[in-house]
Every structure is written in structure tokens, then in C-alpha cells.
Amino acid sequence: MPSYLIREHQVEKEQHDILSEVTSGDYKYGFVTDIEMETAPKGLNEDIIRFISSKKNEPAWMLEYRLKSYRKWLEMTPPGWAHLKINDIDYQDIIYYAAPKPKKELQSLDEVDPELLRTFEKLGISLEEQKRLSGVAVDAVIDSVSVKTTFSETLAGLGIIFCSFSEAVQKHPELVKQYMGMAVPYGDNYFAALNSAVFSDGSFCYIPKGVRCPIELSTYFRINAAGTGQFERTLIVADEGSYVSYMEGCTAPMRDENQLHAAVVEILAMKDAEVKYSTVQNWYPGNKKGEGGIYNFVTKRGICKGNNSKISWTQVETGSAITWKYPSVVLLGDHTTGEFYSVAVTNHHQQADTGTKMIHLGKHTKSTIISKGISAGLSNNSYRGLVRMGKKAEQSRNFSQCDSLLLGDQCGAHTFPYIKVENKSSIVEHEATTSKISDEQLFYCMQRGIGTESAIGLIVNGYAKEVLNKLPMEFAVEAQKLLSVSLEGSVG
Amino acid sequence: MKNGFTNGIVRLREKLEAACSEVLARSDDDNGFIRKERERAMASFKRLGFPTQAMEAWRSTDLTATLAQDYRIFTEAPETGQDIGQIFQCDIHHLDTDLVTLLNGWYVDHGQAIRQLSCGTVVGSLAAARLAYPALFEAHYGRQADVAAGGLNAINGAFALDGVFVYVPDGVTAGKTVQIVNIINSDENIMIQPRNLVILGKGSKLQLVHCDHSVRHKRSFINSVSELFIGEEAVLDHYKLQNKDNDSAQVTSAFFEQQSGSRLSSTVITLNGGIIRNNLHVKLSGPGCDASLHGLYLVDREQHVDNKIVVDHMAPDCVSRQLYKGIIDDQAMAVFNGYVHVARDAQRTNAYQNNRNILLTDKATVHTQPHLEIYADDVKCSHGATVGQLDPEAMFYMRARGIREDTSRMLMMYAFAADVINHIRIHPVRHQIDEMVYRRLRGELSVCDQCILDCNAQRPQVFEIDLNKI
């Protein structure tokens, strides 16, 4: 064999080795924790809903709400408009309730199942450590059930309520009853209706008037059990003049089946309040053949109810086999602000259809959309967004920028913006570009001794910087690592 | 759907199906080709039905009221009964054109159904071309306009009785601009289905101006389909002018197919019209194509204009540009639905898409959807869309220099429109459209009594501005 052929062969082999190493090793959260679980039987019917409700010892109005949602859900059909290929989901083949078996009422962290604690340590969120060092209050939700909320006592001193959703239903029913379903009504869409019927837990957060939450609130979601779906629900209410920054992270074990995650997040910002919601979504994306992975169908919506309020969504989406997610802001009050910053990375067979909706209803409202899509492998990555200026939204302003980066010639990057303007004094600007990493950029890095993979990591991080900068510090580091890991082996 | 309309729509559907059966029963002298095409199209229409707002492609345009009207449907050429010469007095000043006329969608032959011009270009009626050039006709007809793609395309295919046929042989440069004028002149409500076929051979060149115009009629619904094939290295300049009255509805579908190295420049100017929907489908089939698509729409009152543009990059090294601009006044609504698709093999594609709108009132509405779908990595694609109003600072600048408010507004709108008009490459046409846009913006232009390109005497363009003050 001539020498250049041998060299080529070696290079090819090396690339193959890197690829297989990376694809088997890139998802490091793919372990399963062996803890005793309590599950409901498979399938969905009114009895299952009653079972969930009674397990959680819920009041009658909550059960009514669930049943109402379930009946609505039966009448609905799954949305088919997204640029996604979704295998039919058998909703009767899912376990709708799985919880770590309760041993006794937990009084302190020391009493949490040590196996569970180890799980969180592996995830890099040792509750113990978090509690002492980082000053981040964590609510950990495993298989839809909140395991432990740290720092509740400190927060309680300020009047802040930060607890699991079930606890809120028990202890603050009046708040839950008043605000639940306000931003995302039970019949909003197919997955929101399903969630409203079967949601098992989640986080509840109430910031009283004029309080600035001193620490970042955080929830960590983990799907553990096989054959289950995760249906959590988050409700954040920021009362007049308050401020809160909220973070959400998620992981799941590697399994060759598709698991369903249909969550609902609602944010309500009253007069002068500000809510910042950050997500690093890293559900298991499936293997490189496209088997397994989480179906992430999430409804997130915030309402700027009062004047001068502000809601900001920041998301880094690297996981999930399929992402269907449009965090939105309804700008109801005058002089309100909505923001959406997103980085969505898809590799191998992942599909993402994500974006936002900015509904301007109040006067002098402002919104900004910055979306950065990165597609690699055989994946498809779509931005889908709506900007609507209502008749009364005088002097409102929107700026949208949606950039796509293509790595490889087998992937797709798509942009589907919808703009509707109904008054003469608003200004809407939308711009988008699609490009690839140029050979010149790579050459420049390699000339300076930076390898291809690192160079791509560097360029991609630079490309996404605008969004990463908006993340709280704890998340930004994780997000940057995730970006590099998700894209490893995608170019060669 | 409102109940009052349902009956009307069912009636139209039945009428169309009956008329189509009549056409099929009558056309026993035809060869099998067109018969099969019509049958296929009718079967497709029966399956698809009329477009509704539930369909993504029609979500912002409601045809319900249009479809519910009672229309007369022609299955054979109507008696003209008019002095044809009197109606067609069309002329572009300082431009000698080869004029092709259609009356209610039927070719007006002036004694010659198909003719060969001195340069070699063949111009004539589609019905005559089918018999005179069967091989050419069958090789191109129905190749781009997919009857399965939409109900209205299918109806057009089910009739396809007449329209314009233009053939420019290989290497021929058509000497004069070909001007197609479609006039609606009827005492009844009519629905017509013109079908045009334009074929440019290798290395040929053609300039085509297409005008739609109404003279005397009640309501009209034009559902036209044009297929335009641009051969290797050929160049087509296509201009479409729409200046219809507010009782007219028009759905035009133009399907362009470009072979390698060809160039297309398309300009659509909409000055007036009730409901207008322009579908523009450009397929770049060979490498190295260039397509420039420009549009300008100035709508007011209850008018509705919807431009749907699909650019399909199928081959590498192609460039496409879209620039659509519009000014929307009163309760009018404008829709822009741009879609760029880049196939996996279409590497080194450059695609630009731009839509800019100015809203003048709080009752006017704009929907804009500039979509990109990209499957190749070595591409440069960008799109932009803006909706806003006249820049207050620019207004202030002019006001500060003693220019009246209405004049300043005029000047700015005129400059906004000029971006599109300046792309028109036939100078006399550009000059005339420029003039029409100016008059349109001043509210002086309505639907003329004569052909839109014969707009009485030319007026000099005078802005009431003392330039010394600027």
C-alpha cells in the first residue's frame, strides 16, 4: 500500500475511534440509581389520576382540575405542525407516577437516602455542598417527585415560599388555586392538558412584595425509573417589585426506549417585578443511531401582568431526542419587557423545534429574541417564533436575531419566524443568518496549534457567547462544557 | 366557515365539476395527453378541494367570500362582441412591444392564432400551440405546476383551455419586449383560468411584461397558472403589473424552472386589487443559476395582498435574492410568505430574503413569515423582515428644512418604493411604473379606463420641494 494511502487509512481509523469513543462516552449522566421506587400501574385513565391525587393527599378541587384536564386532553390531538418526525407515542404504555419510596418524614439532609445523595453528587449537585458553599437553594425532583428542598428556612425568613408543588398544594392552597393555570390554561395544548391531568410534582415559588431573592433558586430534574414519563409543574409568582433568578437543570439515564417529558412552567410577574429563568436542558439525547432518548415536550409561558415588569428566559438545549419547546412571554402590562436567549445544539439524530412567542398587548412594551442554533451529525434544528404586536401595543419594539450554524452536510437548520403587526407605531425587526464554520477560521486556529475539536469548541462558544453571558455563573460553566461535549466527534 | 358562504362554495364546486365534465366530453378530438392531464387534475381537485385558512399556506388569506360568489365559467371562447381594437390600446411610452392580448382569459387572435416573429420567437395561443407544437408542448406542459400541490392549481389544470404560449428557440434573443395584457370585460361575474407556457431555449433571451386589467365587469376571479422554463444560459426578465379594481380576486401561480447558468429577474408590482395572492415558485435545477425576485405592494382600503414565494435550491452554486417591500394603508392587509429551501447537494448556495413593510394606520395589518429550510452546510443564507413606519427623524430633518409634512411623507414613501423600482431593467417600463407609483402614492391613480400602461399623458414628476433649502 502506498504511504499516502496508509496515512489516509490511519486518519480514517483515528476519526472512527474518536467518534465511537465520544458517542459512547459523551453522555456521562446515563447511570441508573438503584433506589426503592413506588410506581403506579402503566396506562392512563381516571382511576390513575385519582390514584395520583390520593397518593399526594390532594384536596378535592385539585382532583377536579386534573379530571377536567384529562377530559379535555381526550378531545385533543397531538400537534403535527412542528418540523419534527415523532414516532407514535402509546400513552397507555407509560407509568404516570414513580416516586422514591418514602421511608419516613425527612427532617434534615442526613436522612435523605444515601443512594439518592450519591446520585446527586454524580450529577454534580451535592445537596450538602450546595447548601454550605454555593448558597444556591436546590429543589431536587427525581422522577417527578420533589426529594428535598434546601435552604427553605433561610428563604422563609424573607417571606419567600420555595417548596415542592405538592407541599404548596397542602400548605398554600389559596396561592396555588389563585395562580395555577393562569399563564398556561389546562386546555392550552395537547401536552399541557396531559401535564395538568397527571403532573406529579414540581416546584412552587412565591416572592412577596418588594423582596429581592438573595440567592439563585434552582430545581434539578432527574428521570430515573424505566418506562416512566416525567410530568412536573413549576409555578413562579413574583409579587410587586420583587426579583428572582431561577435555574433549572435536568438529566436522565441512558435507555433504548423513548421516555416522555411533558412539563409546564408558569411565571407571573406583577408590577415592577422581574423574573429570570435559566435552563440547561441535558436530558438523554439517545445513542448515535437515534435509539432512545427523551421526548421533551414542554410548555413554558410567562405573563408580565403588571406595568414595568420583566421576564427573561435563557435556555441552553443540548439534550433530548426531540425538543418541542417555546418559552413565551405575554406582555400584558405597559412598559413591560420580555427576553429570550437560546442556544440549541443538536447532534446525531436529535431533533429540535424550539423558539419563543412574544405577544405584545400593552403599550411601550419591548422584547428581544436571540436564538443560536447549532446542528451537527444527522440532526435537524429549527427555530420557530411568533412576534405579535396587538392593536393596543402602541410604540412597542421587538428585535429578533436567529442564527444557525451547520456542522456537517447531513444536518438541517431551519428558521420559521411569524410576525404579525396590527398597529402603525410599533417596530419589529427580524434577522437571521445560516452559515458554517469557515475553513479560514479553522485554519487560523490550527495554525496556532489548536486542534480541530478544540478549535470548533472555541468557535462555537464564541458564537453562543451572547447567550451564555446571560446565564448565572454556576450554569455558564456547565453550559460551556456541555456545548463542547455535545459537539465532540461531529466534525472530522 | 360562515353558513351563508357554504352553499355558495358548494355551488361553485359543483359548477366547476360540471363544466369540467363538459370539457372532457367535448374534447374527443384531442390527443390523449391533455385529456389525461385534465382528468388527473380534476381527480386531484376532488381530493383537495378549495384552500381554507386551516391550511398553513393559506392561514392569512381568506378566500371564503370570493369562492361563495356565483360566477359564470367559460368552457369555450365567448363572443367578444366588442370592438377589440378599441379595448386594447395598450402602449408603453417609448417602447415598441410585441403585444399579446387575452380577453377574459381567451387569446385574441386577430386572425392568427400563433405566429412566428422575425427573430424566430413563437408567440400565440396555448390551444393553438398544443396542436402546432405537440412535442414541445407535451415535454413541458404540467411539468412544474403540480396539480397535487393545491386545489386551485388543480382546477386550472382541469380546464387549461387557453392562455399564452411563448417559445424562444435556442440562441435567439427576442427583439422586442413581449407584452401580455389580460383584460376582463364582462357583464356577469366570471371566474377564469388562464394557463400560460413560456419556454426559453439554450442561451436565449426574453423580456416579458404581463399586465392584468379590468374594463367593465361585476366580480371577477382569476385563477391563473404560468409555467416558465428557462434553458441553459438563458435570460428572462419578467414583470408583472397588477392594477385591478377592488371587486376582483386574483390567484396567480407562476412556476419557474431554471437550468444551469440561467438568469431570472422577476418583478411583481401590485398597485390595486381586491384580494390578490401571488404564488411564485422558483426551482433552481442546474448549477450556477441566478434568480432575483422583487416585489412592491401598495395597498389601501380593504385590499388584501399575499405574496407566497418558494425558492427551491436543488443545485450547487446558485444565488437567489428576494426583496419585497410594501406600504399598507387604511384597513388593508399584506402577507409575505417567503420560503427558501436548500437541498442537501446545493452546496455554496447564496440566498437572501428581505421583506420590509411600512404601516400607515392602526387598522392595517402585516403578516410576514420569512422561512428558511436548509440541508446543506456550505451555504450563506440570510433573511430579514421589518415592520415599522416612516422614520420620524428623517421626517423632522425635512420639516426643519421647510418641506411640508405631506410632501415629506410622500418623498419618503417614494424613496422606499424606489428600491424595488430601480431593479427594473427595461427603462421605459421603469419610467412608467415609477410614474404610476408616484401617482398611486398621491392617491391619483385609480383603475384607468384604458389599459394600465396607457395612462393618458405623462405628467412630469414634481415634488413641491425647494431644493435650495436642503
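Thresholds, definitions, all that
Residues numbered from 1 in each chain as written. Chains lettered and ligands numbered in written order. Predicted model: local features only at pLDDT ≥ 70, side-chain atom pairs only at ≥ 80, totals over all residues. Helix = DSSP H or I, 4+ residues; strand = E, 2+ residues; numbered from the N terminus. Buried ≥ 20, exposed ≤ 12 C-beta atoms within 10 Å, placed from the backbone. Contact = placed C-beta atoms within 7 Å. Nonpolar A, V, L, I, M, F, W, Y, C, P; charged D, E, K, R; others polar. Pairing = 2+ DSSP bridges. Core = buried A, V, L, I, M, F, W, Y, C linked by C-beta atoms within 7 Å. Domains from an automatic or database assignment. pLDDT = per-residue confidence, 0-100. Arc of directions from axis to C-beta. Expected span 1.5 Å × (residues − 1). Bend = angle between axes of the 7 residues up to and from the residue. Axes fitted to C-alpha atoms, helices over the stretch in contact; angles between N-to-C directions. Parallel < 35°, antiparallel > 145°, perpendicular 65-115°, else oblique. Left-handed = near helix turned anticlockwise from the far one by under 90°.

Enquirer: For this particular structure, what's the right way to read the overall build of chain A?
Expert: In terms of helices and strands, chain A carries twelve helices and 24 strands. Sorting the 492 residues of chain A into buried and exposed places 54% on the buried side. Put simply, of all contacts in chain A between residues at least 6 apart along the chain, 83% involve residues at least 24 apart.

Enquirer: Even after reading the chapter, I still don't get the interface of chain A and chain B, so can you show me in this structure?
Expert: It is common to give the size of an interface as the accessible area lost on bringing the parts into contact. Between chain A and chain B, the contact holds 29 residues from the first and 31 residues from the second. Looking at the side of chain A that touches chain B, the elements that each hand over two or more residues are strand E22 (397-407), strand E23 (412-421) and strand E24 (427-436) of chain A. Across the side of chain A that touches chain B, the residue classes break down as eleven nonpolar, ten polar and eight charged. With six bridges joining them, E23(A) and strand E21 (residues 365-374) of chain B adopt antiparallel strand pairing. Bridging from a neighbouring strand, A:Ile419 pairs with B:Thr368 of E21(B).

Enquirer: What is the right way to look at the nonpolar core in this model?
Expert: Soluble, globular proteins show a tendency: their nonpolar side chains are buried together. Counting residues in each nonpolar core, the largest one holds 243 residues, and the members touching the most others are A:Ala238, A:Val275 and B:Ala334. Split by domain, this core shows at least three residues from each of two domains, domain 1 (3-395) and domain 2 (396-470) of chain B. Leaving out residues up to four positions away in the same chain, B:Ala334 has contacts with B:Tyr297, B:Val299, B:Val305, B:Gly326, B:Ile328, B:Asn357 and B:Val366.

Enquirer: Sorry, what's going on with the confidence of the model for chain B here?
Expert: The predicted coordinates of low-pLDDT regions are not to be read in fine detail. The share of residues in chain B with pLDDT of 70 or more is 88%, and the mean pLDDT across the chain is 84. Interface confidence for the predicted complex, expressed as ipTM, amounts to 0.82; the pTM equals 0.83.

Enquirer: I'm lost on helix H2 (residues 46-55) of chain A in this one. Help?
Expert: Since one α-helical turn is 3.6 residues long, residues separated by three or four positions face the same way. Residue and element names in this part refer to chain A. Taken together, the buried positions of H2 are Ile 49, Ile 52 and Ser 53. For H2, the buried positions fall inside an angular range of 95 degrees around the axis, keeping them on one side. Along H2, exposed side chains directed more than 90 degrees from the buried face belong to Asp 47 and Ser 54. Residues of H2 that are buried in the fold lie against helix H3 (60-75) and helix H9 (190-198). Looking one or two places after H2, you find Asn 57, whose phi comes out positive at around 55 degrees.

Enquirer: I'm lost on helix H11 (residues 452-468) of chain A in this one. Help?
Expert: All names here are of chain A. Here H11 is 17 residues long and its end C-alpha atoms lie 22 Å apart, about the 24 Å a rise of 1.5 Å per residue gives. Bending of H11 peaks at approximately 40 degrees at the position of Gly 462. All buried positions along H11 are accounted for by Ile 456, Gly 457, Val 460, Ala 464, Val 467 and Leu 468.

Enquirer: Would you mind going over the packing of helix H9 (residues 405-421) of chain B against helix H10 (residues 427-441) of chain B with me for this structure?
Expert: Helix packing geometry: the angle between the two helix axes and the distance between the axes. Residues and elements named next belong to chain B. Two elements in contact, H9 and H10, have axes separated by 10 Å at closest approach and are oriented at 150 degrees. Taken together, H9 and H10 sit at an angle that is classed as roughly antiparallel. Note on packing geometry: the crossing formed by H9 with H10 is right-handed. In this structure, H9 uses Met 410, Met 413, Tyr 414, Ala 417 and Ile 421 to contact H10, whose residues at the interface are Arg 430, Ile 433, Asp 434, Val 437, Tyr 438 and Leu 441. Broken down by class, the residue content of the contact of H9 with H10 amounts to nine nonpolar, no polar and two charged.

Enquirer: Explain the pairing of strand E11 (residues 220-230) of chain B here, please?
Expert: Across a regular strand the side chains alternate sides, sitting on one face of the sheet and then on the other. Residues and elements named next belong to chain B. The element E11 is extensively covered by neighbouring structure, given that eleven of its eleven residues are classed as buried. The alternating pattern of E11 places Ser 220, Ile 222, Ser 224, Ser 226, Leu 228 and Ile 230 and Phe 221, Asn 223, Val 225, Glu 227 and Phe 229 on opposite faces, both of which are buried. Both strand E8 (residues 190-192) and E11 contribute to a ladder of three bridges, which runs parallel. Directly across from Ile 192, in E11, lies its bridge partner Ile 222. Across six bridges, strand E9 (residues 195-200) lies against E11 in parallel orientation. Residue pairing across strands places Arg 195 opposite Val 225, the latter belonging to E11. Note: E11 against strand E13 (residues 248-258), eleven bridges, orientation parallel. For Phe 221, the partnering residue across the bridge sits in E13 and is Ala 249.

Enquirer: Is there a simple way to explain the confidence of the model for chain A in this structure?
Expert: For chain A, per-residue confidence averages 81 on the pLDDT scale, and 77% of positions sit at 70 or higher. Overall, residues 129-136 of chain A carries pLDDT values under 50, and its contacts beyond four positions in sequence, including any with other chains, amount to 13 contacts.

Enquirer: Looking at this model, I keep getting lost on the pairing of strand E17 (residues 337-346) of chain A. Mind explaining?
Expert: Residue and element names in this part refer to chain A. Among the ten residues of E17, nine are classified as buried, and the element is accordingly described as predominantly covered. As paired elements, strand E14 (residues 310-317) and E17 share eight bridges and run parallel to each other. Considered in E17, the bridge of Lys 310 is made with Thr 337. Relative to strand E20 (residues 366-376), E17 is paired through ten bridges, and the arrangement is parallel. Each residue of the ladder has a partner; that of Thr 346, found in E20, is Ser 375.

Enquirer: How do you make sense of the environment of B:Ile230 when you look at a structure like this?
Expert: Residues and elements named next belong to chain B. With respect to the helices, strands and loops of the structure, Ile 230 is situated in strand E11. Judged by local crowding, Ile 230 falls into the buried class, with 30 C-beta atoms found within 10 Å. For the pair Ile 230 and Ile 34, spaced 196 residues apart in sequence, the C-alpha to C-alpha distance is 23 Å. Other than its neighbours up to four places away in sequence, Ile 230 contacts Leu 200, Leu 236, Phe 256, Glu 257, Gln 258, Gln 259, Ser 262 and Leu 264.

Enquirer: Got a minute to help me understand the environment of B:Gly150 in this structure?
Expert: Residues and elements named next belong to chain B. Checked against the element boundaries, Gly 150 lands in the loop between helix H6 (134-140) and helix H7 (151-159). With 22 C-beta atoms counted inside 10 Å, the residue Gly 150 sits in the buried group. Expressed as a C-alpha distance, the spacing of Gly 150 and Phe 50, which sit 100 residues apart in the sequence, is 8.0 Å. Not counting the four nearest positions on each side in its chain, Gly 150 is found in contact with Leu 48 and Pro 51.

Enquirer: Looking at this structure, how should I read unusual backbone geometry?
Expert: A negative phi holds for most residues other than glycine; trans holds for most peptide bonds. Residues and elements named next belong to chain B. Not every positive phi belongs to a glycine, and Asn 104 is a case in point at roughly 50 degrees. Along the polypeptide, Asn 104 turns up in the loop between strand E2 (97-103) and strand E3 (106-107). Although it is not a glycine, Arg 348 adopts a positive phi angle of roughly 55 degrees.

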